[in-house]
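# Understanding the architecture of this molecule
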Amino acid sequence: MDTVIRGLSIYFILLAATRLSGRRTLAQTTPFDLVLILIIAETTQQALLGDDFSITNAVVLIVTLFATDVALSFVKQKAPVAALVFDGAPTVLIADGSIDSVALKRARIDLDEILESARKIHGLERLDQIQHAVMETGGEISIVPKKHPIESPPA
Amino acid sequence: MQTSVARNTPSEPPVRPDGLQIREARRFQSVFWTVERIAWGAFALIIVAALAGFTGGGGPFSRQTLHAGATEINAPRIARRNADDTLRLRFGAEEGRHRVAIGADMLEYLRIEGGVPDVHIRMIDSAGPTLEIDARAGAVAHLHLRTIRAGVTRIALVVDGEPAKGLLLILP
């Protein structure tokens, strides 16, 4: 019983803390993110297992975590509000070429990050070549370039 | 041949005037950003509370001082389950063998794993065990505790016939 309660508690606490901290993404790891992941992994391991390092405890814990994950995916499918709460929603940062500075500020994203994504994905050089920029639910920024990108100004 | 895909069905995200087909939920996002910022405030409060000792594991508010006659007892006020802790007894009375009776209720929540100097259980009855500690006047004895259960319990000690009472919160 203890193991299941521990597993569920840590799962939801970690989920809430990650969502509420507003971390943009754990896929694009900066050095700060890496340190955070390592520390959280070590801390939660202790809290999850306690003093019991038996295989039984590990199996019960693994099954609990997977079952919770599956159950939550069903909940999200049935209730769109739950999906919004757990996963969040995409945020349009640049719409039709115009920058939404309120969204940028509240999502804590700067234009350099948008330009970085534009360069990486589409090889774009400037902001005025971006039609739409969206921060996806996973935290990554997707870019829709303008149909006929404005040529580079002459030097 | 015309495709039969229905536009704007409930499962399909709406198309915005700027042509972007996305389910943005900006209103929810705005509320969530506010909740996020409130949560950051809560994170800060938790850190301050932890530094003050309200989450156990050290800090000024995590311990309490009780008195049983001339004996000063420094005991945990807030502790954590399955964690080690210490109960310190400073004997102010004369040198010799001191008797410390420990309430049985308290032992539902923690166990005594030893002490410095060595403690001897003199007797045990329905009220709990009575320990004997040899100490000089002003000496400090340490009892090593291990919390075993979360909850609130009463610290009930009787040192050389003098009672001392306090509350102990054990966090999960």
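These figures come from a predicted structure and were not determined experimentally. (Residues numbered from 1 in each chain as written. Chains lettered and ligands numbered in written order. Predicted model: local features only at pLDDT ≥ 70, side-chain atom pairs only at ≥ 80, totals over all residues. Heavy atoms only, no water.)

Secondary structure assignment for chain B yields 1 helix and 11 strands. Listed N to C, the secondary structure of chain B is α-β-β-β-β-β-β-β-β-β-β-β in terms of helices and strands. Scaling as 2.2 N^0.38, a compact globule of 172 residues should have a C-alpha radius of gyration of about 16 Å, whereas chain B reaches 29 Å, well beyond that. Principal-axis analysis of the C-alpha atoms gives chain B an extent of 100 × 30 × 20 Å. For chain B, with 172 residues in total, the buried portion stands at 33%. Charged side chains in chain B number 21 positive and 18 negative. The centres of these two groups are separated by 9 Å. (Helix = DSSP H or I, 4+ residues; strand = E, 2+ residues; numbered from the N terminus. Rg over C-alpha atoms; globule rule 2.2 N^0.38 Å. Buried < 20%, exposed > 50% of the residue type's maximum accessible area, 1.4 Å probe, protein only. Lys, Arg positive; Asp, Glu negative; His and termini not counted. Charge placed at Lys NZ, Arg CZ, Asp CG, Glu CD.)

With 25 residues, the main nonpolar core has Ile73, Leu87, Leu89, Phe91, Val100, Leu143 and Leu157 of chain B as its most contacted residues. Elements supplying a minimum of two residues to this core: strand S1 (63-68), strand S2 (71-76), strand S4 (84-90), strand S5 (96-102), strand S8 (128-135), strand S9 (140-147), strand S10 (151-159) and strand S11 (162-171) of chain B. (Core = buried A, V, L, I, M, F, W, Y, C linked by side-chain atoms within 4.5 Å.)

The predicted coordinates of low-pLDDT regions are not to be read in fine detail. When the pLDDT values of chain A are averaged, the result is 84; 90% of them are 70 or greater. Within chain A, strand S3 (residues 130-135) of chain A carries the highest mean pLDDT (92), whereas helix H2 (residues 31-49) of chain A carries the lowest (82). (pLDDT = per-residue confidence, 0-100.)

Residues and elements named next belong to chain B. By the bridge criterion, 3 bridges tie strand S3 (residues 78-80) to S11 in an arrangement that is parallel. If you follow Arg80 over to S11, its bridge partner there is Leu171. In the sheet, S10 pairs with S11 via 9 bridges, with the strands oriented antiparallel. In the strand pairing of S11, Ile155 is matched with Gly166. Where S10 hands over to S11, the hairpin turn is made up of 2 residues, of which Asp160 adopts a positive phi near 50°. (Pairing = 2+ DSSP bridges.)

Before going further, it helps to spend a moment on the sheet that holds S2 of chain B. Residues and elements named next belong to chain B. Taken together, 5 strands build an open sheet; the order of strands is S1-S2-S4-S9-S6 and the sheet is antiparallel. The sheet terminates laterally at S1 and strand S6 (110-116), the two strands that pair on one side only. Across the sheet, the mean angle separating the axes of adjacent strands is 25° when strand polarity is ignored. By the bridge criterion, 7 bridges tie S4 to S9 in an arrangement that is antiparallel. (Axes fitted to C-alpha atoms, helices over the stretch in contact; angles between N-to-C directions.)

With that out of the way, let us pick up the interface of chain B and chain A. Contact residues are listed per partner, giving 23 residues for chain B and 25 residues for chain A. For the pair chain B and chain A, the two sides together bury roughly 2000 Å², of which 58% comes from carbon and sulfur. It is Leu20, Phe28 and Trp33 of chain B in chain B that bury the most area against chain A; as a group they hold 25% of the surface buried on that side. Across the chain B-chain A interface, the total number found is 1 salt bridge. The salt bridge involving Asp100 of chain A is made with Arg26 of chain B; its shortest N-O contact spans 3.1 Å. Here chain B and chain A share 7 residue pairs in polar contact (both at pLDDT 80 or more) between them. (Contact = heavy atoms within 4.5 Å. Buried area = accessible area lost by both parts, 1.4 Å probe. Salt bridge = Lys/Arg side-chain N within 4 Å of Asp/Glu carboxyl O. Polar contact = N/O pair within 3.5 Å; in protein donor to acceptor, adjacent residues only side chain to side chain.)

Attention now moves to the pattern of salt bridges. Scanning all chains against the criterion turns up 16 salt bridges over all chains. In this structure, Lys76 of chain A and Asp87 of chain A form a salt bridge, with 3.3 Å as the shortest nitrogen-oxygen distance. A residue pair is termed long-range when its members are at least 10 positions apart, and Lys76 of chain A in helix H3 (residues 55-78) and Asp87 of chain A in helix H4 (residues 80-87) qualify at 11 residues. Residue Glu113 of chain B is joined to Arg111 of chain B by a salt bridge in which the shortest nitrogen-to-oxygen separation is 3.1 Å. Since its relative accessible area comes to 41%, Arg111 of chain B is described here as partly exposed. Sharing partners across several salt bridges, the network here consists of Asp100 of chain A together with Arg16, Asp18, Glu24 and Arg26 of chain B.

This brings us to the packing of helix H1 (residues 2-21) of chain A against helix H1 (residues 26-52) of chain B. Taken N-terminus to C-terminus, the directions of H1 of chain A and H1 of chain B make an angle of 110°; their axes are 8 Å apart at the nearest point. Regarding the angle of H1 of chain A to H1 of chain B, the classification is roughly perpendicular. As for how H1 of chain A packs across H1 of chain B, the hand of that crossing is left-handed. When H1 of chain A is examined against H1 of chain B, the residues Ala17, Arg19, Leu20 and Ser21 of chain A are found in contact with a partner set consisting of Phe28, Phe32, Val35, Glu36, Ala39, Trp40 and Phe43 of chain B. Residues of the contact of H1 of chain A with H1 of chain B, tallied by class, amount to 8 nonpolar, 1 polar and 2 charged. (Parallel < 35°, antiparallel > 145°, perpendicular 65-115°, else oblique. Left-handed = near helix turned anticlockwise from the far one by under 90°. Nonpolar A, V, L, I, M, F, W, Y, C, P; charged D, E, K, R; others polar.)

Before going further, it helps to spend a moment on the environment of Glu95 of chain B. All names here are of chain B. Structurally, Glu95 can be placed in the loop between S4 and S5. Between the C-alpha atoms of Glu95 and Leu51, which are 44 residues apart in sequence, the distance is 38 Å. With residues up to four places along the chain from it excluded, the contact list for Glu95 reads Ala135, Arg136 and Ala137.

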